[in-house]
Amino acid sequence: LVRLRDRLARSGSPLGARLLSVLSRDHLTEDDWDELEETLLLADIGAGPAEELLDALRTRVRVLGVRDPQAVRDLLREELLKVVDPSLDREVATTGPVGEDGSRLPAVVLVVGVNGTGKTTTVGKLARVLVAEDRSVVLGAADTFRAAAADQLQTWGARVGVETVRSDRDGADPAAVAFDAVRKGRADGTDVVLVDTAGRLQNKAGLMDELGKITRVITREAPLAEVLLVLDATTGQNGLNQARVFGEVAGVTGIVLTKLDGTARGGIVVAVQRELGVPVKLVGLGEGPDDLAPFDPEQFVDGLLG
Ligand code: GDP
């Protein structure tokens, strides 16, 4: 897996350069504090967390009488880490429960999000990580809305050496495909079933119906281990709005933030965790099969600070 810190550092964080330039002044004026706040907002950290972080930092700088820029920077690092919240459980659940007959059920991971955010790619990358850990995997192509989606998923499956359950019919019932995938996973004693879904946001009621039906049908075979919401880090406020809708309709248990390689606005991690009250568990750092990393708060903060 790629190192998050190195990748973020290379993407040229605005936080890194700008914060450091402000912090290198040896007396922080009111204007400097405003500039710090603006910088945090530019990185999409969100108004609430930015204010909270700077209040805490100002208090500590004052109480401790800190002057040395490096010491201020260390305090900033600590406060950033607090708003990212290292205490959250970021493990993706990939071990299913034991069923009534004593055999282990597959861990079913439902992957949701708006089309184009990187769902299919994330499913492929995650399958690769699991296969590398010697776990058996089956993919379910429940995005039956776009004809090319199942092909794309199957290509990923072939690439990482796992089977894809799909329908050959456009517009087939996504819940039926999801059910078939989980049933196959169960019959084969597969460790993890990754289900890719369609994400059309035009119609919230329709989305809710579709995801609700998929969930109901799947759980006849095995309970959901995880519902991962895929969000594109480059979409800012739009991504947050998506998070809100999916949070309401899908019982999200973890967030995958994709395309962090293409943005200097990594602060969105903080904003989206606050919005949904669930942790960012994985991050996408490129289009290739190895460009998925577990989200590590410390590496992330170091990457932001450059
Ligand atoms: P879906 O419609 O949500 O299934 O999205 P796709 O998986 O088809 O991805 C949409 C586009 O985003 C594709 O061109 C992917 O290669 C690209 N993509 C996905 N994840 C990442 C990422 O982490 N970084 C970058 N740079 N591109 C990504």
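Residue numbers run consecutively from 1 along every chain, following the written order of its sequence. Local features in a predicted model are, by the rule used here, given only for residues with pLDDT of at least 70; side-chain atom pairs are given and counted only at 80 or more, and totals for whole chains, interfaces and linings are based on all residues. The basis for the side-chain values is all heavy atoms of the structure; hydrogens and waters are excluded.

1. A look at the packing of helix α9 (residues 204–218) against helix α10 (residues 236–250)
Piece 1. Running from amino to carboxyl end, α9 crosses α10 at an angle of 45 degrees, the nearest separation of the two axes being 9 Å. Taken together, α9 and α10 sit at an angle that is classed as oblique. Crossing angle aside, the handedness with which α9 passes α10 is right-handed. The residues of α10 that touch α9, namely those facing Lys204, Leu207, Met208 and Leu211, are Val245, Phe246, Glu248, Val249 and Ala250.
Piece 2. Amino acid classes used here: Ala, Val, Leu, Ile, Met, Phe, Trp, Tyr, Cys and Pro are nonpolar; Asp, Glu, Lys and Arg are charged; the rest, including Gly, are polar. Broken down by class, the residue content of the contact of α9 with α10 amounts to 7 nonpolar, no polar and 2 charged. Note on definitions: angles span 0 to 180 degrees between N-to-C directions of axes, and those axes are lines fitted to C-alpha atoms, for helices only across the stretch in contact. Helix and strand definitions follow DSSP, with helices as H or I runs of at least four residues and strands as E runs of at least two, each counted in order from the N terminus. In what follows, roughly perpendicular refers to angles from 65 to 115 degrees, roughly parallel to angles under 35, roughly antiparallel to angles over 145, and oblique to any angle outside these ranges. For any pair of crossing helices, the crossing counts as left-handed if the nearer helix is rotated counterclockwise from the farther one by less than a right angle, and right-handed if it is rotated clockwise. Here a residue-residue contact requires only that any non-hydrogen atoms of the pair lie within 4.5 Å.

2. Looking at the sheet that holds strand β4 (residues 192–197)
Piece 1. When DSSP finds two or more bridges between a pair of strands, those strands are recorded as paired. Spatially, the 8 strands line up as an open sheet ordered β3-β2-β4-β1-β5-β6-β7-β8, and their pairing is mixed. Every interior strand has two partners, whereas the edge strands, β3 (163–165) and β8 (292–294), have only one. Taken over all neighbouring pairs, the strand axes of this sheet differ in orientation by 25 degrees on average, direction set aside.
Piece 2. Against the sheet, α10 engages β1 (107–112) and β5 (224–232), with an angle of about 160 degrees to β5.
Piece 3. Its contacts with the sheet put helix α11 (residues 268–276) on β5, β6 (254–258) and β7 (280–284), and the angle it makes with β6 is roughly 155 degrees.

3. Observations concerning the UniProt feature "domain: SRP54-type proteins GTP-binding" (unreviewed entry) in the protein
Piece 1. Per the UniProt annotation, the sites labelled "domain: SRP54-type proteins GTP-binding" (unreviewed entry) are residues 279–292.
Piece 2. Helix makes up 0% of residues 279–292 and strand 43%, with an end-to-end C-alpha separation of 16 Å. UniProt positions are given in the numbering used here, feature names are shortened, and annotations may be inferred rather than shown by experiment.

4. Thoughts on the packing of aromatic side chains
Piece 1. Working definition: rings of Phe, Tyr and Trp (its six-membered ring) pair if their centres are within 6.5 Å, and the pair is stacked with planes under 30 degrees apart, edge-to-face with planes over 60 apart, and tilted otherwise. Inspection of the entire model under this criterion finds 1 aromatic pair.
Piece 2. Arranged with centres 4.9 Å apart and planes meeting at 55 degrees, the rings of Phe295 and Phe300 form a pair that is tilted.
Piece 3. Summary of the burial criterion: residues with accessible area below 20% of their type's maximum are buried, those above 50% are exposed, and those between are partly exposed, where the area comes from a 1.4 Å probe applied to protein chains only. Taking the relative accessible area as the measure of exposure, Phe295 reaches 4% and is therefore buried.
Piece 4. With a relative accessible area of 0%, Phe300 lands in the buried category.
Piece 5. In this scheme, the term charge over a ring applies when either NZ of a lysine or CZ of an arginine sits within 6 Å of the ring centre and within 35 degrees of the ring normal. The ring of Trp156 has Arg159 lying over it, and the distance from NZ or CZ to the ring centre is 4.4 Å.

5. What about the layout of surface pockets?
Piece 1. Here a cavity denotes a set of grid points, spaced 1 Å apart and computed over the protein atoms alone, in which a 1.4 Å probe fits but from which it cannot get out, and a pocket denotes an open set meeting protein on both sides within 12 Å along at least five of seven lines; residues with an atom within 4 Å of a point are reported as lining. Grid points are joined across faces, edges and corners, and a volume is the space filled by probe spheres set on the points. In this structure, the largest pocket encloses a volume near 290 Å³.
Piece 2. What lines the largest pocket is a set of 14 residues, among which Glu91, Val92, Glu133, Leu282 and Pro294 lie closest to the centre.
Piece 3. Those elements that place two or more of their residues in the lining of the largest pocket are α6 (119–132), β7 and β8.
Piece 4. Ranked by residues supplied to the lining of the largest pocket, first place goes to α6 with 3 residues.
Piece 5. Split into classes, the residues belonging to the lining of the largest pocket amount to 9 nonpolar, 1 polar and 4 charged.
Piece 6. Put simply, the second largest pocket is a space of about 250 Å³.
Piece 7. Forming the boundary of the second largest pocket are 14 residues, of which His27, Leu28, Trp33, Val61 and Val66 lie nearest the centre.
Piece 8. When contributions to the lining of the second largest pocket are tallied by element, the ones reaching two or more residues are α4 (47–64) and α5 (69–84).
Piece 9. Grouping the constituent residues of the lining of the second largest pocket by class yields 7 nonpolar, 2 polar and 5 charged.

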